Amino acid sequence: MARFLLLFRPRVPLQPTELVGRLDPLVLRFHADVEHRSPAHLSAIVRGEHETLRLQLIADVQAKADGPVLELVLMSREAMGAGAPLTKALFETLVTIAAEVMPELELVFRSDRDGALPDRN
């Protein structure tokens, strides 16, 4: 199973509902279908270019001592043994779109570059 993670920190303090609200333009541009939404969570389905590739986009607001952060996870059933090239290509698209539509959020971690999991402290 492929799993790629992004972690964003707001440049100014934002409430969880505001952080999840910042995802609206990203969801539209990424052509995702929202399945569930709450004040601190969003899950959506993304269909890749290939009929068999179905991805899940999950967003969670995580409480931290210095304020909440937004965690985005993109998952698929594509095998990571070969590097999950189809999922990774869509992940790159996600990173690009996020930078364009959420400039008020700073990208502080991406699993393909920084390791499997961010520092949980």
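Predicted, not measured: the structure shown is a model, and the values here were computed from it.

**As for the overall build of the protein chain**
Here comes step 1: Each helix and strand in the protein chain was counted, giving 4 helices and 6 strands.
Here comes step 2: The order of α-helices and β-strands along the protein chain, N terminus first, is β-α-α-β-β-β-β-α-β-α.
Here comes step 3: Computed over its C-alpha atoms, the radius of gyration of the protein chain comes to 14 Å, within 12% of the 14 Å expected for a compact globule of 121 residues.
Here comes step 4: Overall, the C-alpha framework of the protein chain stretches about 40 × 30 × 25 Å when taken along its three principal axes.
Here comes step 5: Within the protein chain, the fraction of its 121 residues that count as buried is 43%.
Here comes step 6: Expressed as a percentage of contacts within the protein chain between residues at least 6 apart in sequence, the contacts between residues at least 24 apart total 54%.
Here comes step 7: Total accessible area on the protein chain is roughly 6,700 Å²; 53% of this is exposed by carbon and sulfur atoms.
Here comes step 8: If the 14 positive side-chain charges of the protein chain are averaged to one point and the 17 negative ones to another, these points end up 2 Å apart.

**Focus: the layout of surface pockets**
Here comes step 1: Space inside the largest pocket adds up to approximately 260 Å³.
Here comes step 2: Around the largest pocket, the lining residues are M1, E35, I45, T52, L53, R54, L55, Q56, M75, S76, R77 and E78.
Here comes step 3: For the lining of the largest pocket, the elements supplying multiple residues, two or more each, are β4 (54–62) and β5 (69–76).
Here comes step 4: Element by element, the count of residues in the lining of the largest pocket is highest for β4, at 3 residues.
Here comes step 5: Taken together, the residues of the lining of the largest pocket sort by class into 5 nonpolar, 3 polar and 4 charged.

**Focus: the pattern of salt bridges**
Here comes step 1: Counting across every chain of the model gives 9 salt bridges.
Here comes step 2: Where R29 meets E100, a salt bridge forms, and the shortest distance between an N and an O atom there is 2.5 Å. Here R29, found in helix α2 (residues 24–29), pairs with E100, found in helix α3 (residues 85–101); they are 71 residues apart in sequence, far enough to count as distant.
Here comes step 3: On the basis of relative accessible area, R29 is assigned to the partly exposed category, the value being 42%.
Here comes step 4: In this structure, K88 engages E92 in a salt bridge whose closest nitrogen and oxygen atoms are separated by 3.5 Å. Of the two residues, K88 and E92 both sit in helix α3, 4 residues apart, roughly one turn of that helix.
Here comes step 5: Under the relative-accessibility criterion, E92 is labelled partly exposed at 31%.

What counts and what doesn't
Counting of residues starts from 1 at the beginning of each chain's written sequence and follows it residue by residue. Totals for whole chains, interfaces and linings use all residues, but because this is a predicted model, local features are given only for residues with pLDDT of at least 70 and pairs of side-chain atoms are given and counted only at 80 or more. Hydrogens and water are ignored here; the side-chain numbers use all heavy atoms of the structure. The helix count covers DSSP runs of H or I at least four residues long, the strand count covers runs of E at least two residues long, and both are numbered beginning at the N terminus. With C-alpha atoms as the basis for the radius of gyration, the globule rule is written as 2.2 Å multiplied by the number of residues raised to the power 0.38. Burial here depends on accessible area, computed with a 1.4 Å probe over protein chains only, as a share of the maximum for the residue type. Under 20% is buried, over 50% is exposed, and the range in between is partly exposed. Residue contacts are counted whenever heavy atoms from the two residues lie within 4.5 Å of one another. Here, Shrake-Rupley sampling with a 1.4 Å probe gives the accessible areas, and only protein chains in the shown set may cover a residue. Think of it this way: Lys and Arg go in the positive column, Asp and Glu in the negative one, and His and the chain ends go nowhere. To locate a charge, take atom NZ for lysine, CZ for arginine, CG for aspartate or CD for glutamate. In the cavity and pocket records, a cavity denotes points on a 1 Å grid over the protein atoms alone where a 1.4 Å probe fits but cannot get out, a pocket denotes an open set with protein on both sides within 12 Å along at least 5 of 7 lines, and lining residues are residues with an atom within 4 Å of a point. Grid points are joined across faces, edges and corners, and a volume is the space filled by probe spheres set on the points. Throughout this entry, Asp, Glu, Lys and Arg are counted as charged residues, while Ala, Val, Leu, Ile, Met, Phe, Trp, Tyr, Cys and Pro are counted as nonpolar. The remaining residues, Gly among them, count as polar. Whenever a carboxyl oxygen of Asp or Glu lies within 4 Å of a side-chain nitrogen of Lys or Arg, that contact is scored as a salt bridge.

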